[in-house]
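# Descriptive analysis of the structure
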Amino acid sequence: MAFRDVNARRHIGLQQLSSLALAGRTFLGPVKSCKFIVDESTNQSTLICSAVRLIESLDLTSATGQLLNETIQAQNKEFKTGMSTLLFLVGAWSNAIVECLQQNVPVSAIVSVMSEGLNSCCERVQCLQISIHDINKELCSSSVRPNTSKSKTCQSGCDSLPNSQLFLYFQEDISVPEIIPMNSCSHQDYDCNFNKRLVSPLTGFGSVASLVRPAGDKSMSVTSGSSVPTSSCNKQKLTHSRYFSTLGKSLFSSQQGNFQGYLLEPSADSCECRGLGHLAMALSHGNETSVKLLQSIVTYQQETAEHNGSSQLNVAEIVTCCLVGLPESYSCASPGFVTLVSPEQVTVIKYFEGKLLRILLIDGDLTEQYRHLGFNRPYNVRTIVEHPSLQEGDLWLSSMLDNLIKFGVNLVLVKGNVCENLMERCIANRILLVSSVTWNVLCAFGEVTGTRPVTYLTQLNASCVGSGAQVELWKACDGRAMDLGELIPARIKARGIRLLTAVLTTTVASKMQLIEDQFWTLVYRLHHAINDKKVFIGGGAVELLCLSHIQMLVEQPLQPANQNAATEFHNPWLAASKTEYKSVVLQALASGWKQYLLVVMCNTTKAASELEACASVDHYLRKAADCGSPSAYVLKEFRRGDLLGNSAGAFADHKEDLKVYDNVTAKTEAWRRALDLVLLVLQTDAEIVTGPRKNQLLNSHVSSEFMFL
């Protein structure tokens, strides 16, 4: 039994979890510190700012590391958010449990009390949930409140005007039969279709943006939330980005003529859409770049939802295209499908510009060796040659090309890979092949073009080919087609398609993955908030109430082990140990959330040190206890915007109005997954004996209790 005691004190698995989680401390909170991951084999580096990319980049050879990776991947697959919280709590609770073990707390008591404590906290914090409907009403009412000062309104309404490259825009959509140019719009055109107007979606961060008037229109536009006209804003200073400048209005005016896209404005009577725009910013936790792009997407989908009954945020209708080589200010949302093609295909695209194409969808690879999933080769056939000869390969290429030409196919979207030789022949015959197209893109084009996906080209018939697609070179906000060297962006569209491509740009190749991850994280935060129909108030309010609730549980007088507890554990000693060590284990559970708050406050510079942050948290806990109703106190401080020195993070100009919210299900599931993993490793460590004295243990009277691997 001495071996078991020594091993219980070591608990290598918990120590490994703590070490792995330590690297993710800087990922907490709205102000994150990124890390460079260097590949030793290629010496290439990647900038990361999420627990998923960190764990993927590490060489996890231990079983504990593999369990941690699977847990984080499961959270990422289901929610796309909450992984950094999960990783941190895994480390914090691992350290707390090790301290409990050093105080000789039984493993059974730790598992039972911690599980019950977490369940109790999850039930307690339900009072901090707010419905999306109430938030939309509150945000919409605050967005038209006339108590904002003139100077603040001027800045919020005109910060984006001096540099036209900062605008997120929607390119001209062919689904609209008539496009009204800028110089023909007047102040009566407020109710026009979204792509008949030119507006700034950056104005007001999701509120009704101010219209950009055409030349000769002297009427003044008014920003939401104020009666101050935007024409009174003459000079602005833009901060927080090296791309911002103090150029005057002349730059903006001079580039309007070259601008071929269409910016998007929320309709004035769409309070719910504006509320979702504000909610997206409140869920972004300081991710300013992604929230502007998402607000434009939400507005676009809100416009189309009125006609086709789709949801306000349909993630299946959003795809991304990453362009390295352009400044981040070129990021935009473009209707249709934007993808990268080879320079050889540019000639085909230019030939097809302005023409309606016959389109084919391939659900698989377009190669000779490809077989669909589940395909079984005949048992009575023996393979003599695995790879066909050159002549046989030419026959397959000729046959596939003849099929495409026979049915007049101009455009082929392939879910998988494409044979290079077939690609070359198709280019020579003016047939455009696009590979690695996701399934939701195939479905979107299938709906509007009448195309039925096929697995093999041999299945091709006239009913499988659709029509109405168009292709063109993607153009940036200055109206120029982009040539990025090896790959060129192209846009494929069709009348009535609801697909949107978020074009993400940056000049730093190592930052591209980070920008895409941040965008999708925000998209899924808003998506889950809409599905849950409720959110948590943020800024540390939920964790603070958990600490207050556990403090109340710890201060409750100890009760002797009752009959139910004895029945549950099948042992009176275990039931008594649970009661005896309850306060110690609950304090260990609370230490995880407290460490979480301390690190977030230090990362956001709300506290100079963890000691100062700890004093601040303790101060709020005392005031919550003195209040008599901790939940009411937390809600009051949250509405005042004074909870834990809460602010909008990167949105410093809006900290008086902006509230921060968190997802309900994603947050609680991150807690549960973190604790389940720690308790699993704890119990596994307690059952695995390590050490060189295997023979001595085999000869002892307790050898039957162990299994040797």
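Predicted model, so just to flag it, every value in this text is computed and none were measured. (Residues numbered from 1 in each chain as written. Predicted model: local features only at pLDDT ≥ 70, side-chain atom pairs only at ≥ 80, totals over all residues. Heavy atoms only, no water.)

## Section: the overall build of the protein chain
Where we set the bar: Note on conventions: DSSP H or I runs of at least 4 residues are helices, E runs of at least 2 residues are strands, and numbering of each starts at the N terminus. Pairs of residues are marked as contacts when any of their non-hydrogen atoms sit within 4.5 Å. Only the protein chains shown count as cover for residues, and all accessible areas are computed by the Shrake-Rupley method using a 1.4 Å probe.
Looking only at helices and strands, the protein chain features 24 helices and 14 strands. The contacts of the protein chain with a sequence gap of at least 6 include a subset with a gap of at least 24, amounting to 77%. Looking at the protein chain as shown, the accessible area adds up to about 33,400 Å², and 50% of this sits on carbon and sulfur atoms.

## Regarding the pairing of strand β10 (residues 466-473)
Rules: Here's how the labels work: a residue is buried when its accessible area is under 20% of the maximum for its type, exposed when over 50%, partly exposed in between, all with a 1.4 Å probe on protein chains only. Should DSSP find at least two bridges between two strands, the strands are taken to pair.
Most of β10 sits inside the fold, with seven of its eight residues counted as buried. The pairing of strand β7 (residues 357-362) with β10 spans three bridges and is antiparallel. In the sheet register, I359 faces β10, and the bridge partner there is G466. Two strands pair when backbone bridges link them, and β10 and strand β11 (residues 488-494) are joined in this way by five bridges, in the antiparallel orientation. Directly across from E472, in β11, lies its bridge partner R491.

## Side note on the pattern of salt bridges
If charged atoms from side chains of opposite charge come close, those side chains can pair. Test applied: In what follows, salt bridge is the name for a side-chain nitrogen of Lys or Arg lying within 4 Å of a carboxyl oxygen of Asp or Glu.
Across all of its chains, the model carries 16 salt bridges by this definition. A salt bridge links D618 to K594; the shortest N-O distance between them is 2.8 Å. Of this pair, D618 sits in helix α21 (residues 610-627) while K594 sits in helix α20 (residues 582-603), placing them 24 residues apart in sequence. The exposure class of D618 is partly exposed, given its relative accessible area of 25%. A network of salt bridges, in which partner residues are shared, links R53, E56 and D517.

## A short note on the sheet that holds strand β13 (residues 534-537)
What counts, and what does not: Convention adopted: a line fitted to C-alpha atoms gives each axis, helices being fitted over their contacting stretch, and angles between N-to-C directions are expressed from 0 to 180 degrees.
With antiparallel pairing, three strands are arranged side by side in an open sheet as β3-β13-β14. Either end of the sheet is taken by a strand with one partner, and the two such strands are β3 (129-131) and β14 (661-663). Each neighbouring strand pair of the sheet contributes to a mean axis angle of 45 degrees, computed without reference to strand direction. Bridge count between β3 and β13: three bridges; the pairing is antiparallel. Bridging across to β13, S131 finds its partner in K534.

## Considerations on helix α14 (residues 420-428)
Put simply, the rule is: Here, the arc refers to the directions that run from the helix axis to the C-beta atoms.
Regarding α14, the residues found buried are L422, M423, C426 and I427. With its buried residues spanning 140 degrees around the axis, α14 presents them on a single face. Exposed and facing more than 90 degrees away from the buried side of α14 are E424 and A428. Just beyond α14, the residue with positive phi is R430, at close to 55 degrees.

## Comments concerning unusual backbone geometry
Non-glycine residue N104 carries a positive phi angle of around 60 degrees. Its place among the elements puts N104 in the loop between α5 (83-102) and α6 (107-124).

## Considering the packing of aromatic side chains
Cut-off, in case you're wondering: Here a pair means two rings of Phe, Tyr or Trp (six-membered ring of Trp) with centres within 6.5 Å. Their orientation is stacked below 30 degrees between planes, edge-to-face above 60, and tilted elsewhere. Any Lys NZ or Arg CZ that is within 6 Å of a ring centre and within 35 degrees of that ring's normal is treated as a charge sitting over the ring.
Considering all chains together, one arrives at eight aromatic pairs under this definition. With 6.1 Å between their ring centres and 45 degrees between their planes, W520 and Y524 make a pair best called tilted. Here W520 pairs with Y524, and both are found in helix α16 (residues 512-532), just four residues apart, close to one helical turn. A ring pair is formed by W593 and W671, whose centres lie 5.0 Å apart and whose planes are at 65 degrees; its orientation type is edge-to-face. Of the two residues, W593 sits in helix α20 while W671 sits in helix α23 (residues 664-687), which places them 78 residues apart along the sequence. The buried category is assigned to W593, whose relative accessible area is 0%. When its relative accessible area of 0% is taken as the criterion, W671 is described as buried. Within the aromatic cluster, the residues linked to one another by ring pairs are W93, W593 and W671. Over the face of the ring belonging to Y524 we find K80, whose NZ or CZ atom lies 5.0 Å from the ring centre. We note K355 situated over the ring of Y351; from NZ or CZ to the ring centre the distance is 3.7 Å.

So far we have only geometry, and geometry alone does not tell us how the molecule works.
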